[in-house]
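So you can see what is in the structure, the chains are spelled out below.
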Amino acid sequence: MIARRHGTVNKVEWKISLKLFPTVLQWFLNSCLIMLAFILSFLLLKEILEFFKILLIGNSNDYTLILANILLFFLYFEFITMIVKYFKDDYHFPLRYFLYIGITAMVRLIIVDHEHPLDTLIFTLVILILIICYFIINITPLERPKRSQLFSKNEEN
């Protein structure tokens, strides 16, 4: 009878630790994402100042530099938006935001580095692939399917 009790206590402790471990990891991930959001916000503000410096102080007519800075601003903006969406959507990163970021990054890369035609062609093909992926995501249902019976049986035990 004592052995059964001891086994039950170990089983209860194991279940508690299995529930506690993901919670601790989730808190760690959330705190890291909050720190990243503050860093990205700082960099976004720094990019705004840099953009105004180029427009007001610099007598530069280099439009590629201005466009590259605008797109870099949108990259920071999209990352911050993705972090906000992560917390609003119950700790889930929407795949659409990764595609937005990828498309914006590739457009910025084409604007900044357009010296080699083959590289530019490859970058545009990557953008085409990302747009096709975005189209596929838009035609699929938004809600995730319900868990199968296999997973629900394992959770009950």
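Before reading on, note that the structure itself is shown above.
Small disclaimer: the values here were computed from a predicted structure and weren't measured.

> Got a minute to help me understand the side chain of Asn69 in this structure?
Secondary-structure assignment places Asn69 in helix 2 (residues 63–88). Ignoring any residue separated from it by four or fewer positions in sequence, one finds Asn69 in contact with Glu47, Phe51 and Ile54.

> What is the right way to read the packing of helix 2 against helix 3 (residues 95–112) from this model?
Relative orientation of the contacting elements helix 2 and helix 3 amounts to 170 degrees, with a least axis distance of 9 Å. The pairing of helix 2 with helix 3 is recorded here as roughly antiparallel in orientation. The element helix 2 and its partner helix 3 pack so that their crossing is left-handed. Contact residues: Thr64, Leu67, Ala68, Leu71, Leu72, Phe74, Leu75, Glu78, Phe79, Thr81, Met82 and Lys85 in helix 2; Tyr97, Phe98, Tyr100, Ile101, Thr104, Ala105, Val107, Arg108, Ile111 and Val112 in helix 3.

> Explanation requested: the pattern of salt bridges in the structure shown.
Side chains that differ in charge, positive against negative, can pair when their charged atoms come close. A complete count under the given rule lists two salt bridges for this structure. Of the charged contacts, one joins Lys53 and Glu50 as a salt bridge, the two residues approaching to 3.9 Å between their closest N and O atoms. A residue pair is termed a helical-turn pair when its members lie 3 or 4 positions apart in one helix, as Lys53 and Glu50 do in helix 1 (residues 2–57) at three residues. One salt bridge connects Asp89 with Lys85, and the closest N-O pair in it is separated by 3.8 Å. Judged by relative accessible area, which is 31%, Asp89 ranks as partly exposed.

> Just checking my understanding: could you explain a nonpolar patch on the surface for this structure?
A surface patch of nonpolar side chains, about 940 Å² in accessible area, is lined by Leu118, Leu121, Ile122, Leu125, Val126, Leu128, Ile132, Phe135, Ile136 and Ile139. With respect to the helices and strands, Val126 occurs in helix 4 (residues 117–139).

> Can you help me understand the nonpolar core in this one?
In summary, soluble globular proteins display a tendency toward joint burial of nonpolar side chains. If you look at the biggest cluster of nonpolar residues, it comprises 13 residues, and the most contacted ones within it are Leu40, Tyr76 and Ile83. Where this core is concerned, the elements lending two or more residues are helix 1, helix 2 and helix 3. In terms of residue count, helix 2 provides more of this core than any other element does, seven residues in total. Discounting residues that sit within four places of it in the chain, Leu40 has contacts with Tyr76, Phe79, Ile80 and Ile83. Judged by nonpolar contacts, the second largest core, of seven residues, contains Leu99, Met106, Ile110 and Ile127.

> I keep staring at the packing of aromatic side chains and nothing clicks. Help me out?
One pair of aromatic rings is described through two measures. These are the centre distance and the angle between the planes. If you walk through the whole model with that rule in mind, you get ten aromatic pairs. Clustering of aromatic rings is evident, with ring pairs tying together Tyr86, Phe87, Tyr91, Phe93 and Phe98.

Rules behind the numbers
- Residues numbered from 1 in each chain as written.
- Predicted model: local features only at pLDDT ≥ 70, side-chain atom pairs only at ≥ 80, totals over all residues.
- Heavy atoms only, no water.
- Helix = DSSP H or I, 4+ residues; strand = E, 2+ residues; numbered from the N terminus.
- Contact = heavy atoms within 4.5 Å.
- Axes fitted to C-alpha atoms, helices over the stretch in contact; angles between N-to-C directions.
- Parallel < 35°, antiparallel > 145°, perpendicular 65-115°, else oblique.
- Left-handed = near helix turned anticlockwise from the far one by under 90°.
- Salt bridge = Lys/Arg side-chain N within 4 Å of Asp/Glu carboxyl O.
- Buried < 20%, exposed > 50% of the residue type's maximum accessible area, 1.4 Å probe, protein only.
- Patch = residues over 30% accessible without salt bridge, like charges linked within 9 Å, V, L, I, M, F, W, Y side chains within 5 Å.
- Areas by Shrake-Rupley, 256 points an atom, 1.4 Å probe, with all protein chains shown as cover.
- Core = buried A, V, L, I, M, F, W, Y, C linked by side-chain atoms within 4.5 Å.
- Phe/Tyr/Trp six-rings, centres within 6.5 Å; stacked < 30°, edge-to-face > 60°.

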